[in-house]
Every structure is written in C-alpha cells, then in structure tokens.
Amino acid sequence: MNNKRRKAETPVADFRDEYPRFTPEMKHTHKLLVPDMLPVHFGIILDILRRDGWDVELLTNDARTVIDEGLKHVHNDTCFPALCVTGQFVDALKSGKYDPDHTALLITQSGGGCRASNYIPLIRKAIKAEFPNVPVVSLNFAGLEKDSGFPMDLKTILKLAYAVFYGDELMSLYNQCKPYEETAGAADAVRDGCVKLIGDAFAAGTYRRYKRIVREMIARFSVMPRTGGEKIRVGIVGEIYVKYSPLGNSRLEEFLLAEGCEPVVPGLMDYVMYCAVNNVNDAKFYGMKRGSAFVFGLAYKYLLRMQRKINAITKKSGFAPLHDFEHLRKCADKVLNQGVKMGEGWLIPAEMAALAETGTENIVCAQPFGCLPNHIAGKGTIRTLKHMYEHENIVAVDYDPSATKVNQENRIKLMLATARENYGQRKKQGT
Amino acid sequence: MGIDVGSTTVKVCVLTEDQSEIVYTSYERHFARVKECVLAQLAAVGEKFGGGDFTVSVTGSAGLGLAERSGVPFVQEVQAAFKAIRRYYPDADAAVELGGEDAKIIFITGGTEQRMNGSCAGGTGAFIDQMATLLNISVSEMDELSLKAEKVYPIASRCGVFAKSDIQPLLNQGARKEDIAASIFQAVVDQTVSGLAQGRRIKGKVLFLGGPLHFIKGLGKAFKETLHLDDEHAVFPENAPCFMGIGAALASCAEKPMPLAELVSRITAAKGSDDIVTGDPLFKDREEYEQFVARHSRSDLPFEDITAYTGDAYLGIDSGSTTTKLVLITPEGHLLYQHYQSNNGQPLDIVLERLREIYALAGGRVRICGAAVTGYGEDMMKAAIRADFGIVETVAHFKAALYFDPKADFIIDIGGQDIKCFKIKNGAIDSIMLNEACSSGCGSFIQTFARAMGMEIDEFSKLGLFAKHPVELGSRCTVFMNSSVKQAQKEGASVEDISAGLSASIVKNAIYKVIRAKTPDELGEHILVQGGTFLNDAVLRSFELETGKQVVRPGIAGLMGAFGAALYAKENVQGGSTVISEAELKYFTYHSAGRVCRGCTSNCNVNVLTFSDGRKFISGNKCERGAGRKPASDELDIYAYKYRRLLASAQAAPAAKGKKAPRGKVGLPLALGFYEQLPLWAGFFEECGFDVVLSEESSRQLYFKGQHTVASDTVCYPAKLTHGHIESLLDKGVDFIFFPCESYNLDEGNSDNHYNCPVVAYYPELLRANNERLNERNFIAPYIDPNNEHTTVRALKKALKKYRLSARVIRRGLRAGFARLERYREDVRAEGDKILHAARKEGKPIVVLAGRPYHIDPEINHGIGKLLTSLGVAVLSEDAVYFRGERVRVNVLNQWTYHARLYRAAEYATRHADVNIVQLVSFGCGIDAITTDEVRSILEKRGKLYTQIKIDEINNLGVVKIRLRSMLAAIEEQKRHSDEQQAQKG
C-alpha cells in the first residue's frame, strides 16, 4: 500500500514567482489591512490585535469598484469570496489611503481540500503588477506559508478563541433583539456598548472571566425595551464567507430584518470546532497525524465545555442559545457522514438540521455560484433534509458578482412567502 | 386587480368583487418601459370600468421594484400562481411555469414545494427569443417549423451562449431549421426537468403556465412527450399567460381597496432608483469624435473597380459563425470586391449568390487564380466551391494583420461569436488566447440586443457614441450581462447609456477575461484591432479608452479573415485554381439531409450535403467513419488505449473459476474516480469472490437516464453523468453498488497534500441523498484513505459486514487490487513510451492531452483524441508522462493528486520541443480555475504555447478543431521561424 515514490529521487523545478515576505519586524513598520468577513467578530479581534501592538485596519469599502477590481484580477471561474476579498484589497490599495511600502494584507487560510486554501496565491498574483512590495500575511493554524505567517502563540490563540465566543454570543443576542426593538437603533447601541465591554475586559486582562462577561451582555440586552409578538425566524447557513460577510451576501441580514424576519445565524465557533473535529476524525478514520489530532481533541473538549457553559447561561436568561456542537455532530450523522470535510462540509447540513430541530425551519443556504463542496453538502442534502423535517423550507441562493440583486431577493421572497403561509397554518392549528 | 410585471411583459387582470369571474385580462410586451406600460394598461382598465375602488397587488420579477417604490402590495409570483391553481385547478398535481427569465415548478400533491431556476437564464422565454433571433425567424415561425421536425439534435440549454455554439455549427452544416427548432424546445424541456425537478418526478395532472407555454405549441408538445403525459393529464389553461395576474388579483383581496386614481398616481410618482453606476461619456464632444474618425480612416485599403479591372485576382472567403465575409483582391492587394453579410440560415447560398455576382461584374476580364476558405464553415465551403485552400482562422487573421502593420505585437479580433487574441514576438505568434464558450460577450450579443430593442445594430451602437452616462454592466458572461441590462432598464437607464455600456463591457470582457491582462500595458505597443465588432466606433473608442493607447483598425476590420485567406491563396497557389467556374456555377444546386451515423456507438447526427455534380459533403461526424472514410488508426491515441485497457482490467479474473459460487454481485460505476481506481476495486472484489458488474459505457442517453436525480445544475458533466451510471447498475440488478468516498487520493509524492477534489471525494453522498432507489443496503460508500491499509481494511470490513469477510481476506483482496492497479499504470506508461517512439520515428508532433483520469470517457472528451490523431498528431495523457517531469514548485497550494500530475506533465513538455500541452477542462471545475493559470505560467515561463479546451455536455468539435489547428499552425510557424533564425546564424 505504500505507493509513495520517494521524493528525493526527482529534481525539483521551481516555477514560483517572487513575492515579498512578511517578517515579524514588520509588526512595527506596517499597517495590516483585514477584509470585511464578519463585522462583529473582526471588530473584537482587531481590537485585541491593536492592544498587542499591531497596526490593523478593517476594510469597509464596498462600492461597486470592489467587485470590478475583483473581476479584473481573479479568474472567471474562481469563487465569489476570492473575488470579493481580492477586490476589496486591490480597491483599498488603489484608494491611495495606504502607503504601499508600509502596508500588508492579512487573510485567513484553512488548508482544506477546497480551493479556498488558495486565496493567498491569488491575492499575491493580483497585486503583483501594481503593488509589488505589499506582502500578504497568512493567518492559519495548519503551519502553511511559513515564510509569511502571522506569528501565533498560545496566548494569542486563546484570546482569539474567547473573542470568537464573545462575537458569537453578541451576534446572537443582537439578532434576537434587533427585530423587536421599540426605538430604532436601540439594539445597535447595546451592541456597541458590549463591544466596548469586551474590549475593556481584554485590556484589563480579565477576558477569561467569560461567565461574568456573558451575563453582563445578556443583562444589557434583556433590559432593552422590546415589542412583544413573534416574527418569522430565518436561518442563514452556507459557505463561511457569504454566510457572514455583508459584502458577500448583498446585506442578507439587513434584507431579512427589513422583511420583518428574525435572522438566526449560527456561530463562527462552530466552524472552528468543525475544523478541530475534522482533524480528530482524520485520525479516527484514516489513522493520520495522531499527535496533532490529540492536541485538537483536547482543544475541542476545552472549547465544547466553554460553549456549553455559555449556552446554559443564555438559556437560563430566556434567550435562545447557540447550537451545542455535539448536537450538531449528531445532526450531521443523520444526514451525511462526517467524512465530508472540505469547505464547510458536513457543518452545513448539520446546521440546517439543528436549526429545524430548534424551531427555525426557514433557511437561506448561501453559497458562491458553482461552489464545489456545496454541490454535495449544500444543494445535495436539501432533499434528505426535507424528508426528515416536513416543514423545513430551504432556499439555496447562489452569490455571484453578476447575479442581480433582484434575482436573489425574489428567490428569498418566495421562501419567505412559503414561510408565512406555514406560519399562518401552524397558528390556525394551534388555536 | 392583479398586475403581473414580468421581465418582458405586463399582464393586468381584474376580477369581480366576489372573485367568481375574471372580467378583464391584458397581456403586453413592455420593452423595458415598465412604468409607461403599466400606466397605459391601467388607463385601459379605467376606461372599461370607470374609476372605482380596487384591491391591488403586484407580482412578477420586475414588479418587485415597482411595488416597493410605489407602496403597492407585492406578492411573490410563484405564490400568486399557487393561489390561482388552488382555486381553479384544485386537482392538479404539479405546475410548470415558464416566464421571460424565470422557470418555475410547483409540486402540489405529495409535499407542496415550489422551485425556481437559479441565477442562469437558460431554458426560459428569453432563451427561446434569443434562439429565434439566431435563426432569424419569429418565435411563432419557429413554433410552426418545430411541428414538422424529423429529428432532434442535442442542444445545451443551460445557457444561451452554449446553445448558440451548439446551434451555429448545425446551421453552418445545413441542418434543417425544422429540426433545430424542435431541438431548441426539447432543450428547454430538458433544462426544466433536470435543472428544476432535481430528483423529483413531475407526474399526475400537470398544468402548463406562462406566456411561452401558451403561445408555443411545439414547446408544450415536447413537454408532454418528455413527461409521458396524455391530453387529460397535460392541461394548458386558456388564461395561462395571465395566470399569475389572476393569482395576484386573488391575493389582493386581503389588502385594503384604493381608488384607481390613487393607484395611478402612486405608480406615476414611483421614482427610478439610483442604484446604477455610470461611467464617463465616450467622447467629450463632436470635435473629438471627428478627429477620432479621421485618424482611423487612414488605415483603409485602396479600391480597384471590378467593372474596369482586367487581370488576375484572388478570392478569400471567411465563413464565420454568424456572418459570411468574402473579398476579391488584385495581386497588389487592392480591393476589387467585398461582401459582409449575416448568415440567415444557410451561408452556402450567400457565397453562391456572391460568386455569381462577381462573375457577372467581372465580365470575363478577371481571372480567379486562387481561392482560400477559412472559418467555421471552411470544410463545407471548400468542398462546395472547390476552393484551393482551407486555412485556420487564426492564420488568416494573422496574415491579414501583418499586412496592415508589420510591427504589430498584439492582435485582437472580436467577431460575432468569438474573440481571438495573438501576441506576436519576432514575427511569429507567441501565444493565442481565445474566449471560452461561456464568457463570450462578443458582437452577436450587441446584435441580439439591438434587435430586442427593435433596432439595427448600426443604429443602436451609434446611439452609444454620445451617451452622457454609460451604464456599468460588469464584464461577465452575456447571459448575466443580459440581466444586468434589464435591471439597468428597469432602473431607468436610457437606450443610449445602455448601448455605450454594452460596448464598454465587451471591451472589458476581452481585456480582463479573455486576455486576462492585469493592466493594459501587458498587451503591447502596436495593437491592431479587427473583427466586425470593432467597426462599431463605440467599441473601438471604449477599447482605446480602457487601454489608454491609440490602436490601428483597418477599414476592412470585418473582412480580415477573408482578406488573410485571399493573401494566403495568392502566396501559395501553384498552377491554376480549381475554384468553381462561371459556367458550372450556373447549374450548381445542392440538397441537405440528416441521418444518424451507425459507424460506432457514438451515434453522431451527421448531415449530408449532396451537390448537383454528385459530390457529397458530410458534417457533424466525430470521426472519419461518419464521413464514409476509413477511420484514422488510434494507435497513436493513448486515450483510446487507456479506455480499452481500463475496461479490460475489470474482467481479468472472473469469479467463476470453478472455485465456488460468488459471494454476491457488486456494481462499480464507470464514473469519476473509478476511471483511475477501477483496477484496484475490481481486483479487490474479484479476489474476495464477488462478481463484478460495470455500468454501461457513457452516452448522452445514459446521462438523460439519470438526469432527474441531478441535484446541482452547475456541477461538472463528469459528475452529472454519474447519475446515469447508477441507474444503469440498478437496472442490471446488482446486489449492491460500491462507491467509496475518498477525501484523500493515493499519495504519489508529487505534491504537498494529496486530496481529491470535493466532487470526486464526496459524490456518493449526493447520489445516495438524491436517488430514491438507493438505500443503505444497495449502496455502500465507505470512507477510505487508500494510503493506509490498516484503516482501509477496517472500513471495508465494516462496510461489507453482511458478507463477513475476514481481515485477512480483505487484506489479500486489497493487495491483489493494488497489484492490478500497478499493472494498469505500468501498461499505460509502456504504451506512452511506445507512442512517443513511434511518433518521433514518423516525425509527428506530440500533444499531451492533460486532464483527469475520467477524461478518457469518450462521452466526456467527445472524441478529442480521435480528432487530434486525424490531424496527424500523436496523443499522450498526463499520467503517461508526468513521472518524467521534474517535481515542481508552483505558486498555489499543490494539494490535489490528479492536479499535481498536470504540473509535472507541463514541466516535462517544456523540455521537449516536439511535445505540447493541451489542457482539457470540464466546465464548472472550480479547481481548474486555479490549475489552468499555473499550467499556463509553467509553459510560458519556458516559451511554450498554452492551449486549453473546455468541455461540457455539449459536443462542439468544430470550435475545438479550430483551436487545435490554430495551435498546430502556430507551433509550425514558431518552428519555421526558429529554424530560419538558426540558419541565419549558421
């Protein structure tokens, strides 16, 4: 079975283009630009990085020129997120606001079997001609891009984990309050206050007292005056970028709010834990990298315990908690094997099933046009899910630079019309 | 009252107060003037009923914006249809509705479900309109023709651009319009059934709604036949076009009534939104335009009067996809006669007519000494008029361009259907870039659009010259552009702005998508633009603005192919010309008929043209056999060898060795990963005592068989075909189908990781989820990492629990399987060696057709291997050479087993002058978006040409042939050039 040909035997031809490296000294000389992937979470994370001495800026440019630059620089068939991220970077660099000799671009990299792992070379290629001195920095946990990685230590990782938990909780509370606020903007004000609260905790070094921080956030949201009544809950799942990024999904959350719905967005921590579990599964299924799998297993247990505590606190307060990850795994097993691990893989059907089981039957499954893993894990599982959950009402929406907004909104509206009808019928049956 | 504002029409309908009676309906095209059209119809309503109070709702795709801005209630159109169905046809089981840009299916019984097409406009009313324009007939004429069809050609309907490239060759080959019309409707049906139903069968009583289905009888017929419905179960309601309007009216009952006058004033007051982005005008003022015109008029060709000229002349014909071009020149290159015409159906008629005219004008004074044909219709035209030469378009264009500017280092040609770009280095073609079938954005798009606006193309494009605010329409494929245009119109952009915007987006598409330039400077210093589309000043100006350079556009930009052909004839003719004479021409007629070739299993639809002198011309065939000639030997085609060898690997050791009865019958689908791993799994199962049954070989029929279970219509064709293979195995009655999920492929040590692509890795999950005939018992899909024996044995033991195989047996089976796989690979390599040596001995060029293992399936590669051998080329595959290449480091993450082979194969090719790479790419393969750029950069870094061929379910070998011939011609040219330089040095 060891079909491996020894690597040393054949000579190596190097076809790589030269690119600027990112060195740790640049921490003091360069500004790092960060694409707008998850507004709430990245806000918190950037705050932490700044406190650690980094000069970072979250890009918020979202004009049409962003997409145009993306179209110019990225291959037609490459997925939409790559195009958005690249476009946002190039557009920002071209704006003249940043000194090309003292700017670097920061991007996350997962290292899975999906082409998303290739964003970095794509971005490098895109800026090569016009901004040859701007390094691209990889933020990853898989040891990729060793010569241009963002320096990671245990403490930073720990801080990031806490930040993701806080971001998830904050996003979830906000989504549960925003549709019901009595005065417009009240929920936003509370959210901004919470961001500050979290920031202060990181500054004071008390960020690990998460129970207190979560309770405080809940307290702030629960005193916010809210209208009674019930709105239709709409879950958002899908490819990680278009699921969260307003630039990627044409401001889906805002659209749903305007349609009088309550958006239900599963947390980012689910994706982090999904990645950890995949490493554990690789060891279990295929006997790979047992050592690192052990570490990932420990990390997973740690995160799970924390997630459960936060969920318990949330539940007690009367707000709906986020998903329990073990529950998500069980949901996944009902639909497809956890071996489907490329892209968002089994996490997508797991979230769709978990949403249905926790009372959110209307779902937008967002994906970039032609997304490979989503053929299987997204569109491919809808039929099974509809069999399992009679009232599950899913619309798969493709995001693409040229698909018109009308087209996307019309499809979501169809889903919402069905949702309202189901809701009406359920009410009738209830009385 | 219900108002249905669709993408092309406005429907208004009025019901009585108790909803019992429909008292008024209207149906009108709005030509993008939505508001005006709605208001006009409301005025008609007002006249009929006087003022009065109405409850109103708006529905339809274009109604969404209107409703929002006027504050009139909106109801989603599928929902509206559903309301109307429940009221008028409570016993219906399903409904199919086709609209201008949407297609919808509503399942009513057995779980209500409403589906709508994705963001592609394929298979809709707009698609049919586009096709009618292409055939140059009205939709109703097309309908009538279709009813007289004798046969149906396969046509892709997923996307209008694709369908065009299917239809164009048929037209050029002289296929009957009746058959084409019927084929178009069949394509729409297939698209609806596969793209929308996605695994759910449409059965029971089915309603057919929407304008196209109401007005086009042929379409309804195709639906009935495909779905096997009788008259009782296929219902075409009288009010089908207005059905949604009626639904909207029903839905409006829940709303508050308002006086008609208020409705009118609300809609009148609705503002256009300011969502559209606009750019700068093309010209500041008239003066700037006139300077521009003056500058370009300098590159015109001198004329010579044919009615006065006496002497020799050379004829060049460019039989293009949408237009036919013809020139006659003197030996000095003066223009005697020129003609440029759209193919309204049969291009041969045009050429014959023009030839007659030339002979008449020349009055015996002019002798045609040579004639050459180029373009899509080259073979047919050459046969018909007995031209001396047939040359590849690219060569013709290159020749013509150098005539105008010997220093040219970049040539871009935008024609009706395609975009060709050449980089010139040292007087030879250095690289060729052609557009892919998908991202066309060429001239014919403007034309289609001009016609949709009821204008001729000249008039339409002139309007754009002085547009104040050209709209930004993006630079993607035409179908998407189509909806961008419609959206811009809905937002109130003027025709002028749209015309200018279209010109700009064609240019951007060419520069950034086809040439893939990051900055305009990459193009070159001396740019020559040509092709009919550049005769359009707005396009030319947009190009100059975008590149910031002044370019040369010859006055005969549209005739460059023909001009180049004439030049070629002049340079190469020896002795007299064989071209048809004036006398012969007088009595020349021809007749066209279609038939199915039974030469092999491909069952090509061939078209036979019979000329009055008894000669025949056959087209549409994939190989020589179809044309009635002996097929070229496939000895030098490793694709043919691999396919045969792979199939043979499954029948190596039948279980009936007399040992014992088989444990069971296992089915292995001939799909995706099995094209590499079949020997492994066949060997494994046979060793373990199973009978191995393979699915039938791929064909389009097989695809149709599984089409109804395809879940995602944007997935690649190799994956879609898998559904048919599963059906085939189920029909063969196997005990179970084995189809492992493999995140990881075998590690060949070429790359940093060894993944499979997500589709290959997990497709079994999708199959199981979407085929109701599959269950846990008859479909076994364990998760396996074939690199690890221990876990593989464990996984197989568990998966095959029912058969109680011991670990020992499984291990033995696996070893037998791997041994068989190794033998297969060694044989492929040995065959590769053999071909390589044979080709070198015969001095034949060698092409490494680099793709994936499953590309050896003749239904997937459409016989490209055969085509190459018929062009005198030896064909190798990536896995027959990659191990000879050095390991490579590339810019991207090199993490897929099959893709890593491509890089090494490319590296190998760079070190051998007689070896070239043609990369085969399946449409929709996202990973190849990354590999193609890398393979190209490997080749170009070492001065090699890169050629890519995109393949999909459609079979369009004509285009592929041009591409391959261009490549061969360019290689030839390069070689000649370097030989010359060598000689000079020596």
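All of these numbers come straight from a predicted model, not from anything done at the bench.

*Asks:* Account for the confidence of the model for chain B, with residues named and values stated.
*Replies:* All names here are of chain B. Residues of chain B with pLDDT of at least 70 account for 90%, and the chain-wide mean is 83. Mean pLDDT across the elements of chain B ranges from a minimum in helix α18 (residues 478-490), with 67, to a maximum in strand β26 (residues 736-738), with 96. Listed scores for the predicted complex are pTM 0.84 and ipTM 0.89.

*Asks:* Tell me about the nonpolar core, and name the residues and values.
*Replies:* B:Leu668 and B:Phe738 are the most contacted members of the largest nonpolar core, which has 297 residues in total. At 12 residues, helix α6 (residues 154-177) of chain A tops the list of elements feeding residues into this core. If near-sequence neighbours (up to four positions away) are discounted, B:Phe738 is found in contact with B:Val666, B:Gly667, B:Leu668, B:Pro669, B:Phe674, B:Trp681, B:Phe685, B:Ile780, B:Pro782, B:Ile784 and B:Leu796.

*Asks:* Summarise the domain arrangement of chain A; cite the residues concerned and give the values.
*Replies:* Residues and elements named next belong to chain A. As far as domains go, chain A holds domain 1 (25-151) and domain 2 (230-266 + 323-430). Using only C-alpha atoms to locate each centre, domain 1 and domain 2 end up separated by 28 Å. Domain 1 puts 20 residues into the contact, and the matching count from domain 2 is 19 residues. When the two sides are added together, the surface that domain 1 and domain 2 hide from each other amounts to roughly 1500 Å², 72% of it contributed by carbon and sulfur. The partner of Asp62 in a salt bridge is Arg251, and the shortest N-O contact between them spans 2.6 Å. Here domain 1 and domain 2 share three residue pairs in polar contact (both at pLDDT 80 or more) between them. Of the residues belonging to the side of domain 1 that touches domain 2, the class tally is 14 nonpolar, two polar and four charged.

*Asks:* Could you give an account of the interface of chain A and chain B, naming the residues involved and the relevant values?
*Replies:* In this complex, chain A contributes 77 residues to the contact, which on the side of chain B involves 101 residues. The junction of chain A with chain B conceals about 8200 Å² of combined surface from both sides, 54% of it contributed by carbon and sulfur atoms. Along the contact surface separating chain A from chain B lie six salt bridges. Ionic pairing is found between B:Glu68 and A:Lys413, a salt bridge with its closest N-O pair at 3.9 Å. The interface formed by chain A and chain B holds 19 residue pairs in polar contact (both at pLDDT 80 or more) in total. Counting residues per element, the side of chain A that touches chain B draws most heavily on helix α17 (residues 405-430) of chain A, at 11 residues. Residue classes in the side of chain A that touches chain B are distributed as 26 nonpolar, 25 polar and 26 charged.

*Asks:* Please give an account of unusual backbone geometry that cites residues and values.
*Replies:* For residues other than glycine, phi is negative in most cases, and the peptide bonds are mostly trans. All names here are of chain B. The phi dihedral of Leu672 falls on the positive side, at around 40°, and the residue is not glycine. Along the chain, Leu672 turns up in the loop between β24 (665-668) and α24 (674-687). Residue Arg804 is not a glycine yet carries a positive backbone phi of 45°. As for its position among the elements, Arg804 is in the loop between α28 (789-799) and α29 (807-842). For Arg804, a relative accessible area of 73% puts it in the exposed group.

Conventions adopted
All chains use their own residue numbering, which begins from 1 and follows the written sequence. Here every chain gets a letter starting at A, and every ligand a number starting at 1, in the order they are written. Whole-chain, interface and lining totals are the exception, using all residues; otherwise, since this is a predicted model, local features are given only for residues with pLDDT of at least 70 and side-chain atom pairs are given and counted only at 80 or more. By convention in this description, side-chain values take in all heavy atoms of the structure and omit both hydrogens and water. Each residue carries a pLDDT score, the predictor's confidence in it, ranging from 0 to 100. The way it works is that DSSP assigns letters per residue, a run of H or I at least four long becomes a helix, a run of E at least two long becomes a strand, and they are numbered from the N terminus. In plain words, nonpolar cores are sets of buried Ala, Val, Leu, Ile, Met, Phe, Trp, Tyr and Cys residues tied together by side-chain atoms within 4.5 Å. The classification of residues rests on relative accessible area computed with a 1.4 Å probe and restricted to protein chains. Under 20% of the type maximum is buried, over 50% is exposed, and intermediate values are partly exposed. Working rule for contacts: check all heavy atoms of both residues, and any pair within 4.5 Å makes them a contact. Note that domain bounds follow an automatic or database assignment of domains. By convention, the term buried area covers the 1.4 Å-probe accessible surface removed from two parts as they join, with the contributions of both added. Take a side-chain nitrogen of Lys or Arg and a carboxyl oxygen of Asp or Glu: if they are within 4 Å of each other, that pair is a salt bridge. Residues adjacent in sequence count toward polar contacts only when both atoms are side-chain atoms; beyond that, a polar contact is any pair of N or O atoms within 3.5 Å, and within protein one must be able to donate a hydrogen and the other to accept it. Residue type decides the class: Asp, Glu, Lys and Arg count as charged, Ala, Val, Leu, Ile, Met, Phe, Trp, Tyr, Cys and Pro as nonpolar, and the leftover types, Gly among them, as polar.

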